[in-house]
Amino acid sequence: MRTAFLNTLVDLMRVNEDILSLTADMGFSVFEDVEKEFPERFLNTGVTEQSTISIATGLALCGYKVFFYAQAPFATMRCFEQIRLDVAYNHVNVKIIGTASGFSSNQLGVSHFALEDVGLMRLLPDMTIFTPGDPLESAWATKAAYEINGPVYIRITKAGSPVIHKTQQLSHPEAGIIIKNGGRFTLFVSGSLLPMALDIIEVLSKKNVDGTLISLPVIKPINKKIILEAARKTGYIFTLEEHNIIGGLGSAVAEIIAESGMQVKFYRFGAPDKFTSVTGSVQYLLEYNGLSTQQISETILKSLRGIK
Amino acid sequence: MIEHVLKKLKREAREVRKTILKMIISAHASHIASSYSIVELLVYLYEKTLRINPRKPLDPNRDRFILSKGWGISTLYTILAKKGFFEKKLLNTYCQDGSKMIGIATRNGIPGIEATTGSMGHGLAIGVGMAMAAKMQKRDYRVFVLISDGECDEGSTWEAILQAGHYKLDNLIVIVDYNKWQSFGRVADVLDLEPFVKKWEAFKWSAKEIDGHSFEEISQIFSKLPFEKGKPSIVIAHTIKGKGVSVLEDRNEWHYKTPTEKEIKIAKSELGL
């Protein structure tokens, strides 16, 4: 996912001279090629997320499109007030790339986990939020971020995510991508847990419980239509994300369903609202927080049966 | 400085203070003292230094002025109106219901307001970005940022100071309104900034100190910019909070309170209103 972002950014920078890449001293073994190819348009401003967001704003107010790259907790939380007042209020072309989101920095603990970033960004008026789930979505989001006039947050994980989508050219991913069709329930997923979501759908399919899987790489503005259609068709809506269950995809979908007046069974899968004070592999940490194919499949089954 | 120029500037400063007084009273607003401490600095910059054109407020080659201590905005509004950036009658709407003339500098479409500030520690870094842009775009505009002394408590201010020095931004000129009061007390008591000049110099800035109310000293300091090639310039302007009206001078309560009948009477008499 990260590599796809980077390659797309380099492609964009080759064609568009108004792009600047800024990093607050992050991107070791990531940004070296960018620095080499564009020494004038790559700036490592030091370990200074707060002032760097303001600097990015100053640059954007003078005509540049600035891509600011840092690990998700530092790209969004350390400098949230600068993002709010400088970037969002001025509606400038600053594109914030939060890498190593969720539990990606698995061995490093709470300081490096980012489970609140989407919630924070959702609070900001006119902030577009991309949470790509595979390298193709990531490349698309990077291009789209350049084309959008205004602030954008792209939430990515580390390198090494598998390609999920079968076609290179995603058709209107901003509207949501239907990956599987099934009548019993709909699972909305956004971001890094897309492969897990696919596993869940396949596991349940083998048990003759066919569900619809929809990837939503855009959390804001969210596509209301696809959510309501799924609710109408299947009546059971589940959401899955590597984020606190408060504030992210689950909240966004819940708000739409709650206001629709529809009778829908709904459940959010995400990190519970508590800090994770242990270390381990990403898989371990997800499972520790109730996020594994097995745990989620069982919960979905129980929930479908319970209603019968 | 030639006598008649000095006289004109002094007269202008007095007029600006009169207008501010009217705005503050009418809106029952705060921050009169913060606005009065920067009157001479802003009058001089807008009269003599800044390369700006009120008819082309978005000219890409204009000098940028950022009022990082955004709560001194009544001074800037007054001067921008006098320069013709917008109609003077807009000043009457200061802090009134539905007005865009907000009590903190807000970039909401009012010509001449370059940045939304007042949340401390933003303006200088935005200015660094603008100064970097000028260098990259090979434009010769300069960026002026006026910050408060209290703002120098903020980590983000020092991040930006470090960056401006590192990037050798000699098109960046920062002025500190060193009135030695911050929100809840004397700067020296709350969080001492001294040795202030040495701190900036240690961060690779070229520093000068002036009396921020003396047009002679202000004119001298801005006559040659940057102070040093390859370094950002910092002006430590020693000022008096509330300068210009005896009962408002050097008293922190006028950061918050609106003058009452008693102070208004004295102010009017001293300013000749």
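Residue indices follow the written sequence of each chain, beginning from 1 at its first position. To label them, take the chains in the order written and letter them from A, then take the ligands in the order written and number them from 1. Whole-chain, interface and lining totals are the exception, using all residues; otherwise, since this is a predicted model, local features are given only for residues with pLDDT of at least 70 and side-chain atom pairs are given and counted only at 80 or more.

Enquirer: What am I meant to see in the overall build of chain B here?
Expert: Counting from the N terminus, the helices are the DSSP runs of H or I reaching at least four residues and the strands are the DSSP runs of E reaching at least two. Helix and strand counts for chain B stand at 10 helices and seven strands. The C-alpha radius of gyration computed for chain B amounts to 18 Å, which stays within 12% of the reference 19 Å derived for 273 residues, consistent with globular compactness. On the principal axes, the C-alpha backbone points of chain B span a range of 50 × 45 × 40 Å. Working definition of burial: number of other C-beta atoms within 10 Å of the residue's own, with buried at 20 or more, exposed at 12 or fewer, and partly exposed in between, all C-beta atoms being placed from the backbone. Residue burial in chain B is summarised as follows: out of 273 residues, 51% are buried. Our contact criterion uses C-beta atoms placed from the backbone: two residues qualify when those atoms are within 7 Å. For chain B, long-range pairs separated by at least 24 residues make up 74% of all intrachain contacts whose partners lie at least 6 apart in sequence. We take the radius of gyration over the C-alpha atoms and set the globule estimate at 2.2 Å times the residue count to the 0.38 power.

Enquirer: Just checking my understanding: could you explain the interface of chain B and chain A for this structure?
Expert: The figure often quoted for interface size is the accessible area lost as the parts come together. Counting residues at the interface gives 19 residues for chain B and 21 residues for chain A. For the side of chain B that touches chain A, the secondary structure elements donating two or more residues are helix H5 (123–136) and helix H6 (155–166) of chain B. Considering each element in turn, the side of chain B that touches chain A owes the most residues, nine residues, to H5 of chain B.

Enquirer: Can you help me understand the packing of helix H3 (residues 49–61) of chain A against helix H5 (residues 80–90) of chain A in this one?
Expert: When two helices pack together, their arrangement is captured by the angle between the axes and the distance separating the axes. Residues and elements named next belong to chain A. Where helices are involved, their axes are fitted lines through C-alpha atoms of the stretch in contact, as for all axes, and angles between N-to-C directions lie from 0 to 180°. In the contact formed by H3 and H5, the axes pass within 9 Å of each other and the chain directions differ by 15°. The pairing of H3 with H5 is recorded here as roughly parallel in orientation. For the crossing formed where H3 meets H5, the hand is left-handed. Note on element contacts: H5 touches H3 through Gln82, Ile83, Asp86, Val87 and Asn90, opposite Gln50, Ile53, Ser54, Thr57 and Leu61. Classifying every residue of the contact of H3 with H5 by side-chain character gives four nonpolar, five polar and one charged. Oblique is the label for any angle not covered by the other classes, which are roughly parallel (under 35 degrees), roughly antiparallel (over 145) and roughly perpendicular (65 to 115). Put simply, a crossing is left-handed when the front helix is turned counterclockwise from the back one by less than a right angle, and right-handed when it is turned clockwise. Residue polarity is assigned by list, with Asp, Glu, Lys and Arg as charged and Ala, Val, Leu, Ile, Met, Phe, Trp, Tyr, Cys and Pro as nonpolar; anything else, Gly included, falls into the polar class.

Enquirer: How should I be thinking about the confidence of the model for chain B in this particular structure?
Expert: Segments scoring low in pLDDT should not have their predicted coordinates read at a detailed level. A residue-level look at chain B finds 100% of positions with pLDDT of 70 or above and a mean pLDDT of 97. The complex model carries a pTM of 0.97, and its ipTM stands at 0.96. Per residue, pLDDT captures the predictor's confidence, and it can take any value from 0 to 100.

Enquirer: Help me understand the nonpolar core, please; the structure alone is not making it clear to me.
Expert: Inside soluble globular proteins, nonpolar side chains tend to come together where they are buried. To define a nonpolar core, we join buried Ala, Val, Leu, Ile, Met, Phe, Trp, Tyr and Cys residues through C-beta atoms within 7 Å and take the resulting set. The biggest cluster of nonpolar side chains holds 173 residues, and the ones touching the most others in it are Leu59, Val66, Phe68, Leu187 and Ala197 of chain A together with Val128 of chain B. The element that contributes the greatest number of residues to this core is H5 of chain B, accounting for nine residues. All domain edges in this entry derive from an automatic or database-based domain assignment. Each of domain 1 (2–155) and domain 2 (174–307) of chain A gives at least three residues to this core. The contacts of Leu187 of chain A, once residues within four sequence positions are left out, are Ala197, Ile200, Ile201, Gly211, Leu213, Phe238 and Leu240 of chain A.

Enquirer: So what exactly am I meant to see when it comes to helix H9 (residues 224–234) of chain A here?
Expert: Residues three or four positions apart in an α-helix share a direction because the helix packs 3.6 residues into each turn. Residues and elements named next belong to chain A. Every buried residue belonging to H9 is among Ile227, Ala230, Ala231 and Thr234, and all of these are buried. Down the axis of H9, the buried set is contained in an arc of 100°. They therefore lie on one face. Summarising the geometry of H9, the exposed residues directed more than 90 degrees from the buried face are Lys225 and Arg232. In the core, the buried residues of H9 are packed alongside strand S8 (185–189), strand S9 (211–215), strand S11 (236–244) and helix H10 (249–260). Within two residues after H9, Gly235 carries a phi angle of roughly 75°, on the positive side. By definition, the arc is the one covered by directions from the helix axis to the C-beta atoms.

Enquirer: How do you make sense of the sheet that holds strand S7 (residues 177–180) of chain A when you look at a structure like this?
Expert: Picture the strands of a sheet paired through backbone hydrogen bonds; they go either parallel or antiparallel. Residue and element names in this part refer to chain A. We call two strands paired when DSSP finds no fewer than two bridges between them. In spatial order, the strands read S7-S9-S8-S11-S12; together these five strands make up an open sheet with mixed pairing. In the strand order of this sheet, the two ends are held by S7 and strand S12 (265–271), each with one partner. Ignoring which end each strand starts from, the neighbouring axes of this sheet average 25° apart. Note that S7 and S9 share three bridges and pair antiparallel. Note on S9: the bridge partner recorded for Ile177 is Ser215. Across the sheet, helix H8 (residues 194–206) is in contact with S7, S8, S9 and S11; its angle to S9 comes to roughly 170°. Strand contacts of H9: S8, S9 and S11, with the helix running at about 175° to S9, the strand carrying the most contacts.

Enquirer: Just checking my understanding: could you explain the domain arrangement of chain A for this structure?
Expert: All names here are of chain A. Taken domain by domain, chain A comprises domain 1 (2–155) and domain 2 (174–307). If you average the C-alpha positions of domain 1 and of domain 2, the two centres end up 26 Å apart. Tallying the contact residues gives 25 residues for domain 1 and 27 residues for domain 2. In terms of residue class, the side of domain 1 that touches domain 2 is built from 10 nonpolar, 10 polar and five charged.

Enquirer: Help me understand the packing of helix H1 (residues 3–27) of chain B against helix H4 (residues 73–83) of chain B in this model?
Expert: Residues and elements named next belong to chain B. Where H1 contacts H4, the two axes come as close as 9 Å, and the packing angle between them is 120°. With respect to each other, H1 and H4 are oriented oblique. Read as a crossing pair, H1 and H4 show a hand that is right-handed. For the pair formed by H1 and H4, the contact residues are Val16, Thr19, Ile20, Met23 and Ile24 on the first element and Ser74, Thr75, Thr78 and Ile79 on the second. A breakdown of the residues in the contact of H1 with H4 according to their chemical character gives five nonpolar, four polar and no charged.

Enquirer: What should I look at first to understand the sheet that holds strand S10 (residues 218–220) of chain A in this one?
Expert: Residue and element names in this part refer to chain A. The seven strands are arranged S2-S1-S3-S4-S6-S5-S10 in an open sheet whose pairing can be described as mixed. Sheet topology places strand S2 (42–44) and S10 at the edges, where each strand pairs with a single neighbour. Within the sheet, the average angular offset between the axes of one strand and its neighbour, ignoring direction, is 20°. Across four bridges, the pairing between strand S4 (residues 94–99) and strand S6 (residues 152–155) is parallel. Across the sheet, the residue bridging to Lys95 is Val152, located in S6. Against the sheet, helix H7 (residues 135–147) makes contact with strand S1 (19–23), strand S3 (65–71), S4, strand S5 (128–130) and S6, and its axis sits at roughly 170° relative to S6, the strand it touches most.

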